[in-house]
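Tertiary structure, described
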Amino acid sequence: MSNNDKYFYMSDEISLKSSELKKAAYEEMTNIMEGDYNTDEILKFIKINNPDCISEHILHGYRDAVIDSGIYTLDADQFDKPVVDIVGTGGDGRFTA
């Protein structure tokens, strides 16, 4: 990626501990979600992170970043248009299914 080219190549995994991999993956996904990278950089990231060869530690780091970034309750009254909870999670505060 543009800042440090922190893509996770298989050779890089050998030199890092599992906790370091997870932390680096967490930071990488957080940066992506915060908009630090452009579309081309994200496409390169996706291409390099082939699901067939991604490590468990990297995947857990990505997962944890996505979970930690989530907003689990939506105040439906803050919108001027109706809000529909299309997945039935109750996030609209109306407990619809």
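What comes next concerns the included structure. (Residues numbered from 1 in each chain as written. Predicted model: local features only at pLDDT ≥ 70, side-chain atom pairs only at ≥ 80, totals over all residues. Heavy atoms only, no water.)

**What about the nonpolar core?**
As a reminder, the rule being used: In this text, buried Ala, Val, Leu, Ile, Met, Phe, Trp, Tyr and Cys residues form a nonpolar core when linked through side-chain atoms within 4.5 Å. Relative accessibility under 20% of the residue-type maximum defines a buried residue, over 50% an exposed one, and the middle range a partly exposed one, all with a 1.4 Å probe and only protein chains included. Numbering of helices and strands runs from the N terminus, with a helix taken as a DSSP run of H or I at least four residues long and a strand as a DSSP run of E at least two residues long.
Ranked by size, the top nonpolar core spans nine residues in total: Leu 21, Ala 25, Met 29, Ile 32, Tyr 37, Phe 45, Ile 58, Tyr 62 and Ala 65. Those elements giving two or more residues to this core turn out to be helix 2 (18-33) and helix 4 (56-69). Here the element with the most residues in this core is helix 2; it accounts for four residues.

**Description of the environment of Glu 28**
Residue position: Glu 28 is located in helix 2. Residues Glu 28 and Tyr 62, 34 residues apart in the sequence, show an inter-C-alpha distance of 7.8 Å.

**Regarding the side chain of Asp 64**
This is how the line gets drawn: Here, residues are in contact when the closest pair of their heavy atoms is within 4.5 Å.
Within the secondary structure layout, Asp 64 lies in helix 4. Accessibility expressed as a relative area gives 18% for Asp 64, which makes it buried. Beyond its immediate chain neighbours, meaning those up to four positions away, Asp 64 contacts Lys 22 and Tyr 26.

**Describing the pattern of salt bridges**
To keep things clear, this is the line we draw: Salt bridge, as used here: a side-chain nitrogen of Lys or Arg that lies within 4 Å of a carboxyl oxygen of Asp or Glu.
Applying the stated rule across the entire model yields two salt bridges. Residue Lys 22 is joined to Asp 64 by a salt bridge in which the shortest nitrogen-to-oxygen separation is 3.2 Å. On the criterion of sequence distance, the pair formed by Lys 22 in helix 2 and Asp 64 in helix 4 is long-range, its members being 42 residues apart. When its relative accessible area of 34% is taken as the criterion, Lys 22 is described as partly exposed. A salt bridge links Asp 64 to Arg 63; its shortest N-O distance comes to 2.8 Å. Residue Arg 63 is classed as partly exposed on the basis of its relative accessible area, which comes to 40%. Through salt bridges with shared partners, a single ionic network connects Lys 22, Arg 63 and Asp 64.

**Some words on the packing of helix 2 against helix 4**
Stated precisely, the cut-off is as follows: To define axes, lines are fitted to C-alpha atoms, for helices over the stretch in contact only, and angles between the resulting N-to-C directions are given on a 0 to 180 degree scale. Angles below 35 degrees are treated as roughly parallel, those above 145 as roughly antiparallel, those between 65 and 115 as roughly perpendicular, and all remaining angles as oblique. Note: crossing handedness is left-handed where the near helix turns anticlockwise from the far helix by less than a right angle, and right-handed where it turns clockwise.
Helix 4 packs onto helix 2 with a crossing angle of 45 degrees between their chain directions and a minimal axis gap of 7 Å. Relative to helix 4, the element helix 2 is oriented oblique. The chirality of how helix 2 crosses helix 4 is right-handed. In this structure, helix 2 uses Ser 18, Leu 21, Lys 22, Ala 25, Tyr 26, Met 29, Thr 30 and Met 33 to contact helix 4, whose residues at the interface are His 57, Ile 58, His 60, Gly 61, Tyr 62, Asp 64, Ala 65, Val 66, Asp 68 and Ser 69.

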